[in-house]
Amino acid sequence: MAKISILSLSFNHQRFIADHIQSVLNQSFEDFELVIVDDFSTDDNVAEINKFKDPRIKLIRHEFNRGINAAINTAFENASGKYLLLLAGDDSL
């Protein structure tokens, strides 16, 4: 179990998601998981996420667009950390 779960909500964030992920991976603290929920993006958001091969990244994809509240719930359901941090896919640390 990771100490911190960073929960990222992403919908059509292709332009931002690589910088978002890299900003998380650049942190000196390493005991975390990055749970990214893609809410059925119509751009190449998932392809950008899949370029990262870090085992701390967990991608969950909705099969249709369910909205931000459902994405938040999915992120919480898939988190295993003791502490939670909620970010959007266009935020940076």
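Residues numbered from 1 in each chain as written. Predicted model: local features only at pLDDT ≥ 70, side-chain atom pairs only at ≥ 80, totals over all residues. Heavy atoms only, no water.

I would appreciate a short explanation of helix α1 (residues 14-25) in the present structure.
Three or four residues apart is the spacing at which side chains of an α-helix point the same way, because the helix has 3.6 residues per turn. Compared with an ideal rise of 1.5 Å per residue, which puts twelve residues at 16 Å, α1 spans 18 Å between its outermost C-alpha atoms and is within 8% of the ideal. Taken residue by residue, α1 has I17, H20, I21, S23, V24 and L25 as its buried positions. The inward-facing, buried residues of α1 contact β1 (4-10), β2 (32-38), α2 (45-50), β3 (57-61) and β4 (83-88). (Helix = DSSP H or I, 4+ residues; strand = E, 2+ residues; numbered from the N terminus. Expected span 1.5 Å × (residues − 1). Buried < 20%, exposed > 50% of the residue type's maximum accessible area, 1.4 Å probe, protein only. Contact = heavy atoms within 4.5 Å.)

Help me understand the pairing of β2 in this model?
Put simply, side chains in a regular strand alternate between the two faces of the sheet. For β2, the tally of buried residues reaches seven of seven residues, placing the bulk of the element in the interior. Of the two faces of β2, the one holding F32, L34, I36 and D38 and the one holding E33, V35 and V37 are both buried throughout. Relative to β2, β1 runs parallel, the two being bridged by seven bridges. Residue S5 lies in a different strand from β2, and its bridge partner there is E33. Note that the unit made of β1, α1 and β2 has a crossover that is right-handed. Of the pairings in the sheet, the one linking β2 to β3 comprises five bridges and is parallel in character. The partner of V35 across the bridge, within β3, is K58. In this region the chain leaves β2, passes through α2 and returns to the parallel neighbour β3; the handedness of that crossover is right-handed. (Pairing = 2+ DSSP bridges. Right-handed = clockwise from strand over helix to strand, strands pointing away.)

Could you clarify how one ought to interpret the sheet that holds β1 in this entry?
Each strand in a sheet pairs with its neighbour through backbone hydrogen bonds, running either in the same direction (parallel) or in the opposite one (antiparallel). The strand order across the open sheet built from four strands is β3-β2-β1-β4, with neighbouring strands paired in parallel fashion. This sheet does not close on itself; its edge strands, each paired only once, are β3 and β4. Across the sheet, the mean angle from the axis of one strand to that of its neighbour is 20°, orientation sign disregarded. α1 rests against β1, β2, β3 and β4 of the sheet, and its axis sits at about 165° to β2. Each of β1, β2, β3 and β4 touches helix α3 (residues 68-77); the most contacted strand, β1, lies at about 155° to it. (Axes fitted to C-alpha atoms, helices over the stretch in contact; angles between N-to-C directions.)

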